[in-house]
Amino acid sequence: MMFDIEIGKQVAKSLLQINAIILQPNKPFTWASGWKSPIYCDNRKILSFPEFRTYIRQSLVDIINKHYGKPSIIAGVATGGIAHGVLVAEEMNLPFIYIRNSAKGHGRQNLIEGTYNSGQSVIVIEDLISSGKSSLEAIDALRKEKLNVKGLISIFTYGFDATEKNFKKANCNFISLCDYSTLLDEALKQNYTKESDLEILNSWREDPSKW
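Definitions and cut-offs
Positions within a chain are numbered from 1, following the residues in the order the chain's sequence is written. Predicted model: local features are reported for residues with pLDDT of at least 70 only, side-chain atom pairs are reported and counted for 80 or more only, and whole-chain, interface and lining totals are derived from all residues. Working from all heavy atoms in the structure, the side-chain values ignore hydrogens and water. Salt-bridge detection follows one rule: a side-chain nitrogen of Lys or Arg within 4 Å of a carboxyl oxygen of Asp or Glu. Secondary structure elements are taken from DSSP: a helix is a run of H or I of four residues or more, a strand is a run of E of two residues or more, and numbering for both begins at the N terminus. Relative accessible area decides the class of each residue, using a 1.4 Å probe on protein chains only: under 20% of the type maximum gives buried, over 50% gives exposed, and in between gives partly exposed. Contacts: residue pairs with any heavy atoms within 4.5 Å of one another.

*Asks:* Before we move on, can you summarise the pattern of salt bridges with the specific residues and values?
*Replies:* Side chains that carry opposite charge are capable of pairing whenever their charged atoms lie near each other. Overall, the coordinates contain seven salt bridges when judged by the stated rule. Put simply, K144 and D140 hold a salt bridge, and the shortest N to O gap is 3.3 Å. Residue K144 and its partner D140 are both found in helix α4 (residues 133–144); the two are separated by four residues, about one turn of the helix. On the accessibility criterion, K144 (60% relative accessible area) is exposed. Look at D140 and you get partly exposed, because its relative accessible area is 36%. The salt bridge partner of E186 is K189, with a shortest N-O separation of 3.7 Å. One end of the pair, E186, and the other, K189, are both in helix α6 (residues 180–189), three residues apart, so they sit about a helical turn from each other. When its relative accessible area of 5% is taken as the criterion, E186 is described as buried. The exposure class assigned to K189 is exposed, which follows from its relative accessible area of 51%.

Written out as structure tokens, the structure is:
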């Protein structure tokens, strides 16, 4: 679910302004999964814009305080969630850990980097949720270490129906600052896309794997 409509609008507007999100309905991108997509999202660009970066940090902290209460640890999902997770942890004066994409191939072969103890409560920070696969794998890794995952927060989500079902099945609450529908509304308002493109953009979200 989305946290707050006004925050969602501001995040959407800023993501478009800094070209962190690009809409190309007539010249689709190809994701690593092989899916064709009319949208490209790179939230790492947020880090280069101090004012927007601060807004994101404060919004993430607000969600934690209002919905979850202060956890023991903040965790970031590699790689996009690491920097934003560190900023949140610093703001809240909390320890930080992160979950790797795969276990390290040498040394202790860690999947989770940092110091933690079983039973501690964790909020997970993610920059982007598409299918939710990598996010849910990170949550599973934390739970295997007997950490109490209170929830996951992302900056942006495409809002696929399958993603909602996957999180529900995993019994994990997740909140996003901004979602796809809010983004399209703002893109139209700010002339980043045309009314005639909305049908294409909306049809993609309904069944992205076959689009």
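*Asks:* Tell me what's going on with the environment of N166, and back it up with residues and numbers.
*Replies:* If you trace the backbone, N166 turns up in helix α5 (residues 161–169). Each residue touching N166, except ones within four places of it in the same chain, is listed here: S131 and L136.

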